[in-house]
Every structure is written in structure tokens, then in C-alpha cells.
Amino acid sequence: MESNTARILDGKALAQKIQQELRSRIEQLTQTADRPPGLAVLMVGDNPASAAYVRNKERACQKLGIASFGRHFTADTPQEELHRAIDELNRDDRVDGILVQLPLPEGLDPVPLIYQIDPDKDADGLHPVNLGRLLRGEPGLRSCTPAGVMRLLEEYQIDLRGKHAVVIGRSILVGKPISLMLLARDATVTMAHSRTPDLTALTREADILIVAVGRPELIDESAVKPGAAVIDVGINRVTDYFGKSRLTGDVLFDSVKNVAGYVTPVPGGVGPMTVTMLMYNTVLSYCRTLGVEL
Ligand SMILES: NC(=O)C1=CN([C@@H]2O[C@H](COP(=O)(O)OP(=O)(O)OC[C@H]3O[C@@H](n4cnc5c(N)ncnc54)[C@H](OP(=O)(O)O)[C@@H]3O)[C@@H](O)[C@H]2O)C=CC1
Ligand SMILES: Nc1nc(=O)c2c([nH]1)NC[C@@H]1CN(c3ccc(C(=O)N[C@@H](CCC(=O)O)C(=O)O)cc3)C=[N+]21
Ligand SMILES: [Mg+2]
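Residues numbered from 1 in each chain as written. Chains lettered and ligands numbered in written order. Predicted model: local features only at pLDDT ≥ 70, side-chain atom pairs only at ≥ 80, totals over all residues.

A tally of helices and strands in the protein chain yields ten helices and twelve strands. Here the protein chain has a C-alpha radius of gyration of 19 Å; the compact-globule value for 294 residues is 19 Å, and the two agree. Along the first, second and third principal axes, the C-alpha atoms of the protein chain reach 65 × 40 × 40 Å. With 294 residues in all, the protein chain has 42% of them scored as buried. (Helix = DSSP H or I, 4+ residues; strand = E, 2+ residues; numbered from the N terminus. Rg over C-alpha atoms; globule rule 2.2 N^0.38 Å. Buried ≥ 20, exposed ≤ 12 C-beta atoms within 10 Å, placed from the backbone.)

Right, let's talk about unusual backbone geometry for a bit. Across the chain, the bulk of peptide bonds are trans and the bulk of non-glycine residues have phi less than zero. Looking along the chain, the bond that leaves Leu102 and enters Pro103 is cis, with omega of 0°. By the secondary structure assignment, Pro103 is in the loop between strand S5 (97-100) and helix H4 (110-116). Even without glycine at this site, Glu217 takes up a positive phi of about 65°. Along the chain, Glu217 turns up in the loop between strand S8 (208-211) and strand S9 (229-232). A residue is classified by how many C-beta atoms lie within 10 Å of it, and Glu217, with 15 of them, is partly exposed.

This chain's UniProt record puts "domain: Tetrahydrofolate dehydrogenase/cyclohydrolase NAD(P)-binding" (unreviewed entry) on residues 143-287. Summarising residues 143-287: 34% helix, 19% strand, and an end-to-end C-alpha distance of 18 Å. (UniProt positions renumbered as here; feature names shortened; annotations may be inferred.)

Let us now look at the site of ligand 1. Taken together, 25 residues form the shell around ligand 1, and within it Gly169, Ser171, Ser194, Gly214 and Thr274 come nearest. Per-element accounting of the shell around ligand 1 gives the leading share, three residues, to helix H10 (residues 270-290). (Near = placed C-beta within 6 Å.)

Here we take up the sheet that holds strand S6 (residues 164-168). Sheets are built from strands that pair by backbone hydrogen bonding, the pairs being arranged parallel or antiparallel. Spatial strand order, S1-S12-S9-S8-S6-S7: six strands in an open sheet with parallel pairing. Of all the strands in the sheet, just strand S1 (7-8) and strand S7 (188-192) have a single pairing partner and so form its edges. Bridge analysis of S6 against S8 gives four bridges, and the strand direction is parallel. Looking at the pairing, Ala165 lines up with Ile208 of S8. Each of S6, S7 and S8 touches helix H7 (residues 175-184); the most contacted strand, S7, lies at about 170° to it. (Pairing = 2+ DSSP bridges. Contact = placed C-beta atoms within 7 Å. Axes fitted to C-alpha atoms, helices over the stretch in contact; angles between N-to-C directions.)

This part is about H7. Along H7, seven of the ten residues are buried, which leaves the element largely enclosed by surrounding structure. Within H7, burial applies to Gly175, Lys176, Pro177, Ile178, Ser179, Met181 and Leu182. Contacts made by the buried residues of H7 are with helix H5 (128-136), helix H6 (144-155), S6, S7 and S8. Note on H7: the residue one or two positions beyond its end, Asp186, has a positive phi of about 70°.

Before going further, it helps to spend a moment on the pairing of strand S10 (residues 236-239). Relative to strand S11 (residues 245-248), S10 runs antiparallel, the two being bridged by four bridges. By the bridge assignment for S11, Asn236 is matched with Thr248. Hairpin connection between S10 and S11: a loop of five residues separates the two successive antiparallel strands, and Gly243 in this loop has a positive phi of roughly 80°.

What follows is the structure, encoded as C-alpha cells:
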């Protein structure tokens, strides 16, 4: 039998490279600027996954020389108090980026909070103004995970023009914005979701397959076109055969690598790129405030 091993899209390595570039640029700018870039992460409640991501973000800030203005609220915090916190951060000149860690605990509505963030400080790219800019093809702050996926595809010079891209998942955080970005690069885009019949027949037609569902092992080699680029956005914490907890994506990596041309690992694929694009957006807002190019 012919054997094939996909090229691994190393998100961790690319994330490190971009973070190094950002770090140098920050170092350079802070020689004359009166302050470093600043990022505020609002975390509500004690969801352990959220807490882990927030720690990753704070660690990245520290490494790059970005000031962290993290704020942690208990799960019973009233919505109004969160609105006041965002209002303060909007007016705080030390803060270039603001993000509300999702999901919020039951009873809190993230949508009006996101609407309240100053669009120029919207490091997550989730404010309707920034989503509208993406839809229109105008410059603006871009959602971090989709932007990270696009950077990864660019780094490995994966051709998108005229290619069939299938995106599984249609969330406002991942699936929808990724679809728009692929479209802007002249891919022919199909968006799939839980109501899509015969998903496998569709994914087998994909030159580029983006999986953003949150279901471990949804995609194995039988669902992949030979030579395709497979991007696994899913992050699932599962308990393995030995009772040990580990992180896995939506793609059965060891199976898919036999047919795909390219595949992202989890961990070490899209996750580190998401964190890096958050840093990138924060530095981009900072540069805009200083009136310099990134
Ligand atoms: N690596 C990273 O940096 C990030 C990873 N993630 C991870 O990505 C995954 C998706 O996140 P997110 O978009 O926020 O999740 P959501 O739960 O908001 O969306 C999941 C999407 O998957 C679709 N779906 C569910 N089941 C199926 C199925 N069996 N077949 C086809 N489609 C299905 C849903 O369809 P429908 O709309 O019909 O319900 C929905 O559109 C999660 O694992 C999350 O943890 C998220 C953000 C960043
Ligand atoms: N407002 C908002 N913006 C987000 O971007 C957002 C969010 N809310 N809520 C949750 C999801 C999930 N997410 C991840 C971030 C980093 C990793 C990450 O660093 N992953 C590492 C490993 C992490 C680990 O080992 O725990 C990796 O895949 O290699 C993963 C997932 C951002 N999200
Ligand atoms: Mg990953």
C-alpha cells in the first residue's frame, strides 16, 4: 500500500516566530513611547478551561512586554457591573485591547457587553463594527482564531484561489468569520453545520477543510480528500483509556495524516496562533494610537 504522511502545520513554531517579531517591535517603540501596549481580559466565573486560556494570554503578554489589566469577577456579578468595567477600560488610555472571555456564566449576556467595547480596542474582533468591516473587506481588527488560521495557511503557502474550502461550524467566534476570510482569498466556500446531511460526502470534496465543531474525532481519513489541507480548530478535553485527561481536536490526527497533504496538530496548531493574534491585535491598536506602522 502507498503510504503518505501529511505535512504538519506547526502553529506553535509560527506563533513563536510572530511573538518574537512583536516583542522586538514593542521593545523598539517603548524606547520613545510613554507606555507599553496594554490588554485587559475580563473573566467571569471559574470555568477551568477559560481560566487556562486566560493564563496563556497573560503569559504571552508578559513575554512580549504587554501590560495586562486582567479583571476577574465572580459568577454572580450583575451584568451592570460588567458594563461599568468595560466603560472604564474604554476610557483608560493605558488599555489598547479589551476582551470578554467566553462563555459567560448562566444569566449573563455577552452580546451587549461586546457591543459596548470601543471598536478600536476590540482585540477579539467580535464587535459588530469589526465584523462589518470583515464582511465589507475593509481593514479592521480581525477575530483571532480565524486570523490565526489564515496566517498558518499563508506561512505554508497553501493555495486558496479557486479551491474548494469546506468549513464545518458556523459560530460567530470561528466558523462564520473564517468563511468570510477564505472567500476574500478567492476560495469557493461551503459552510456546513449540524443540519448538513451527509457531511462526509461534502468534506471529501474539500481541498481545504476547516473543522470548528467541538466534537472529538468527528473527522477521520475516510472524510478527507487525498492531499487536502485539514485545519483542526476543535479543543476538547477528554479522559483517555488510562483515566488521564488530555487535549484533543475534532480531527483524528493519526488517521487523517495518512491521506491529507497538510494537517494541524492539537495541541500545537491553531490554539497558539489564536493567542498570538490577540497579541497582534493589541499591538496593532497601540500602533494606531501612536500613529506609527506596526
Ligand atoms: N483553537 C482555538 O483557538 C479555539 C478553539 N475553539 C474550539 O473550537 C470548537 C468550536 O468552537 P465554537 O465555534 O465556539 O463552537 P460552537 O459550539 O459555538 O459552534 C459549534 C458549531 O458546530 C456545529 N456542529 C455541532 N455538531 C455538529 C456535527 N455533528 N456536524 C456538523 N456540525 C456540527 C454547530 O452547528 P449548529 O450551528 O447547527 O448548532 C455549530 O455551528 C470548540 O471545540 C472550541 O473549544 C474555539 C475558539 C478558539
Ligand atoms: N472571547 C473569547 N475569545 C477567544 O478567542 C476564546 C474565548 N473567548 N473562549 C474560549 C476560546 C478557546 N480559545 C483558545 C485559546 C487558546 C488555546 C491554546 O492556547 N491552546 C493550546 C494548548 C492549551 C492547553 O494546553 O491548555 C494548543 O492548542 O496548543 C486554545 C483555545 C480561545 N477562545
Ligand atoms: Mg490547536
